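# Fold and contact review
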Amino acid sequence: MSFCYSAVPRDPTVMLSLAPLSEISRLSHQLGYSETIAANITTLSTTDVATTKGTIQGLLYVPDLDNDDSCFDLSNQYIPANATRQADLPLTDYILIALVPWINSNCTKSFMASASLDPLHAMLVYRPDDDDGQPPEPESDLWKIDSGRGWKQRSHFPVYAVSSGTGNRMMQQLSLYSGALSEVPYAEEINNTYSPDPADYVRVWTQLSVTPDPSLLAIWALVLIILAVIVTVIGGTSLLMHYVQNRRRASLRRRVMNGEVNLEALGIKRLTVPLAHIQTYPLFTYNYTAPMHSSLNSPRSLLSPGRTSFDSASPSSSHIRGKPTDRLDYQPTCLICLDNFESKVTIIRELSCGHIFHPECIDEFLSEMSSLCPLCKASMYPRGHCPRITNSMVRRELSTRRLRSRRPLWAGFGSGWQQLLARGGSESRPTHGEEPTATELTTSIPLQKQPTAPGTTRERMQELIIPIDETSSDDGRPQWKRAALTLFPGFR
């Protein structure tokens with residue numbers, strides 16, 4: 001038979017509970033020493049050992065010292081002569097737990113060296129001369145051996161410190177349960193109750209629970225759960241926003257390629273036209289013939305003095321565009337260089353909107369300055385082409401679209417009324433006279449232009465383009481806001 005003594009230190013929580021235990025059955029608490037210790041315990045070493053469901057259990061004993069050891073006589077002052085030693089234990093291979101008084105570092109070193117030869121799974125130490133209460137902290141210099149604390153890493157078993165009063169009380173109980181069955185307390189009651197064999201033993205059995213404090217586990221579990229939820233929410237929100245922005249970029253890219261959105265006209269992105277596409281616009285020889293029957297007294301001359309028109313496309317283009325009144329008004333000058341066209345001399349290029357310019361002027365303007373017609377701001381950007389779409393461009397285009405959708409009804413009505421008046425007034429414009437002759441050119445015809453003052457054409461081009469602020473809307477934000485926009489691109 002044996003008594004059970006279990007302990008759980010505070011850091012990590014190890015409770016010590018004492019209860020009588022036999023090789024066959026536990027003794028009743030009324031027939032033996034029993035104690036539970038749940039406070040004033042300090043963990044000195046946490047070396048991992050094999051446990052059974054988080055517990056370390058074994059017979060409690062005091063390691064033996066050699067007679068010639070310098071601490072042999074000194075230890076006898078703190079350890080009773082009849083305290084349980086290994087020789088007092090059953091001859092079977094039991095797991096052991098040592099109880100050692102921490103007299104000084106040299107004596108503790110000797111006890112540890114002796115205990116390392118035994119099947120030890122844990123050691124309980126106490127400072128016998130200290131006041132009863134919480135043992136010193138693990139980092140205290142009182143726990144040093146050989147001027148250091150390296151022994152904690154070298155020991156192959158965990159070490160726990162109990163209070164001075166608890167250690168002295170346990171050592172006293174070891175002295176009571178070390179002899180024969182007939183010598184232990186309550187021997188007669190034990191014999192009458194359990195009818196043991198005279199060769200049986202009654203010893204102190206110790207059980208240490210080394211599982212972490214449930215409350216601490218709950219706190220850490222709650223913290224981990226909260227962190228997992230936060231990471232999941234942030235990650236999911238970021239992925240969703242990136243997905244939405246990707247769809248918006250794809251939508252804007254598709255609308256730009258289909259010609260539904262003009263990024264430059266909206267003031268979002270400066271665009272230029274590939275030179276190969278510019279050269280697909282036809283070249284003509286400018287041919288203008290003044291009307292033969294113009295008179296100052298005629299109503300037509302009064303309405304539009306000196307204005308006639310010309311066919312600015314191919315010979316059949318006037319019929320393709322519609323009625324003669326749909327044709328563009330007279331354009332005698334290149335609006336880029338401001339030089340006049342010479343009839344049957346000047347080579348001109350006609351854009352898809354119907355306006356004409358010197359080829360060298362409009363080619364440079366469209367390929368280097370802007371994709372919009374210098375006169376009517378119609379887009380010459382080829383369909384099927386699109387610049388790199390960014391989140392900033394998507395946000396600006398979306399803001400512009402929302403702003404236009406909130407325009408008051410009377411504004412749209414007024415704009416439509418103005419267009420109606422403009423169409424009515426166009427009927428009073430001079431009609432085209434006889435069909436002028438237009439000769440379509442091939443690339444072999446040399447292009448000539450009247451000389452202009454150096455630098456004036458380029459400056460004129462700068463005046464004709466729409467001012468666009470291509471600075472990213474994110475550039476003026478603080479660094480943390482730009483980082484947030486990278487993670488959550490949908491935020492403004």
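Described below are features of the structure shown in this document. Everything quoted here is computed from the prediction, not taken from an experiment.

### Some remarks on the nonpolar core
With 52 residues, the main nonpolar core has Met123 and Val125 as its most contacted residues. If you tally residues by element for this core, the top one is strand β7 (residues 120–126), at six residues. In this structure, Val125 is in contact with Leu44, Val100, Trp102, Trp143, Val159, Tyr160, Ala161 and Val162, ignoring residues within four places of it in sequence.

### Overview of the sheet that holds strand β10 (residues 283–285)
Strand order across the open sheet formed by three strands is β10-β11-β12, with antiparallel pairing between neighbours. Among the strands making up the open sheet, the edge pair consists of β10 and β12 (356–357). Against the sheet, helix α10 (residues 359–369) touches β10, β11 (347–350) and β12, its axis set at about 40° to β11.

### A word on unusual backbone geometry
Residues other than glycine seldom take positive phi values, yet Tyr186 does so here, at roughly 60°. Topologically, Tyr186 is positioned in the loop between α4 (164–176) and α5 (187–194). Since its relative accessible area comes to 42%, Tyr186 is described here as partly exposed. A positive phi is found at Leu338, a non-glycine position, where the angle reads about 65°.

### What about the packing of aromatic side chains?
Within this structure, the stated rule accounts for three aromatic pairs. Relative to Trp143, the ring of Trp102 lies with its centre 5.0 Å away and its plane at 85°, an arrangement referred to as edge-to-face. You can see Trp102 sitting in the loop between β6 (96–101) and α2 (105–115) and its partner Trp143 sitting in the loop between β7 and α3 (151–154), a full 41 residues away along the chain. A residue is classified by how much of its surface remains accessible, and Trp102, at 3% relative accessible area, is buried. Its relative accessible area of 0% is what places Trp143 among the buried residues. Centroid distance Trp102 to Trp151: 5.9 Å. Interplanar angle 55°. Geometry classified as tilted. One end of the pair, Trp102, is in the loop between β6 and α2; the other, Trp151, is in helix α3, and 49 residues separate them in sequence. The pair Trp102 / Trp151 is uniform in exposure class, with both members buried. The structure contains a cluster of three or more aromatic residues connected by ring pairs, namely Trp102, Trp143 and Trp151.

### So, the pattern of salt bridges
In total, this model carries 11 salt bridges according to the counting rule given. Where Arg127 meets Asp130, a salt bridge forms, and the shortest distance between an N and an O atom there is 2.8 Å. For Arg127, a relative accessible area of 16% corresponds to the buried category. Residue classification places Asp130 among the partly exposed residues on the basis of a relative accessible area of 30%. Here the salt bridges do not stand alone but share partners, grouping Arg255, Glu397 and Arg401 into one network.

### Points about the layout of surface pockets
Taken as a whole, the second largest pocket holds about 220 Å³ of empty space. What lines the second largest pocket is simply Lys109, Met112, Ala113, Ser116, Ile145, Asp146, Trp151, Arg154, Ser155, His156 and Phe157. Looking at the lining of the second largest pocket, the elements with two or more residues in it are α2 and α3. Its residues placed into classes, the lining of the second largest pocket shows five nonpolar, three polar and three charged.

### Here we look at the pairing of strand β8 (residues 159–162)
In regular strands, side chains alternate between the two faces of the sheet. What you see with β8 is no split at all: Val159 and Ala161 on one side and Tyr160 and Val162 on the other are buried throughout. Bridge count between strand β4 (residues 41–45) and β8: four bridges; the pairing is antiparallel. From the neighbouring strand, Ser45 faces β8, where its bridge partner is Val159. In this structure, β7 lies alongside β8, joined through three bridges in parallel fashion. Across the sheet, the residue bridging to Leu124 is Tyr160, located in β8.

About the criteria used
- For every chain, the first residue of the written sequence is number 1, and numbering continues from 1 along that sequence.
- Where totals are concerned, whole chains, interfaces and linings use all residues; where local detail is concerned, this predicted model gives features only for residues with pLDDT of at least 70, and gives and counts side-chain atom pairs only at 80 or more.
- As a convention, hydrogens and water are excluded, and side-chain values are obtained from all of the structure's heavy atoms.
- Nonpolar cores are built from buried Ala, Val, Leu, Ile, Met, Phe, Trp, Tyr and Cys residues. Side-chain atoms within 4.5 Å join them into one set.
- Summary of the burial criterion: residues with accessible area below 20% of their type's maximum are buried, those above 50% are exposed, and those between are partly exposed, where the area comes from a 1.4 Å probe applied to protein chains only.
- Under the scheme used here, helices are H or I runs from DSSP no shorter than 4 residues and strands are E runs no shorter than 2 residues, and both carry numbers assigned from the N terminus.
- The contact definition used throughout considers only heavy atoms, calling two residues in contact when any of these lie within 4.5 Å.
- Two strands are counted as paired when DSSP detects at least two bridges linking them.
- All axes here are fitted lines through C-alpha atoms, helices being fitted over the stretch that makes contact, and every angle between N-to-C directions spans 0 to 180 degrees.
- What counts as a ring pair is set by centres within 6.5 Å for rings of Phe, Tyr and Trp (its six-membered ring), and what kind of pair is set by the plane angle: stacked under 30 degrees, edge-to-face over 60, tilted for all other angles.
- One side-chain nitrogen of Lys or Arg within 4 Å of one carboxyl oxygen of Asp or Glu is enough to make a salt bridge.
- Only protein atoms enter the 1 Å grid, on which a cavity is a set of points fitting a 1.4 Å probe that cannot get out and a pocket is an open set with protein on both sides within 12 Å along at least 5 of 7 lines, lining residues being those with an atom within 4 Å of a point.
- Grid points are joined across faces, edges and corners, and a volume is the space filled by probe spheres set on the points.
- Gly is placed with the polar residues, together with every amino acid not listed as nonpolar (Ala, Val, Leu, Ile, Met, Phe, Trp, Tyr, Cys and Pro) or charged (Asp, Glu, Lys and Arg).

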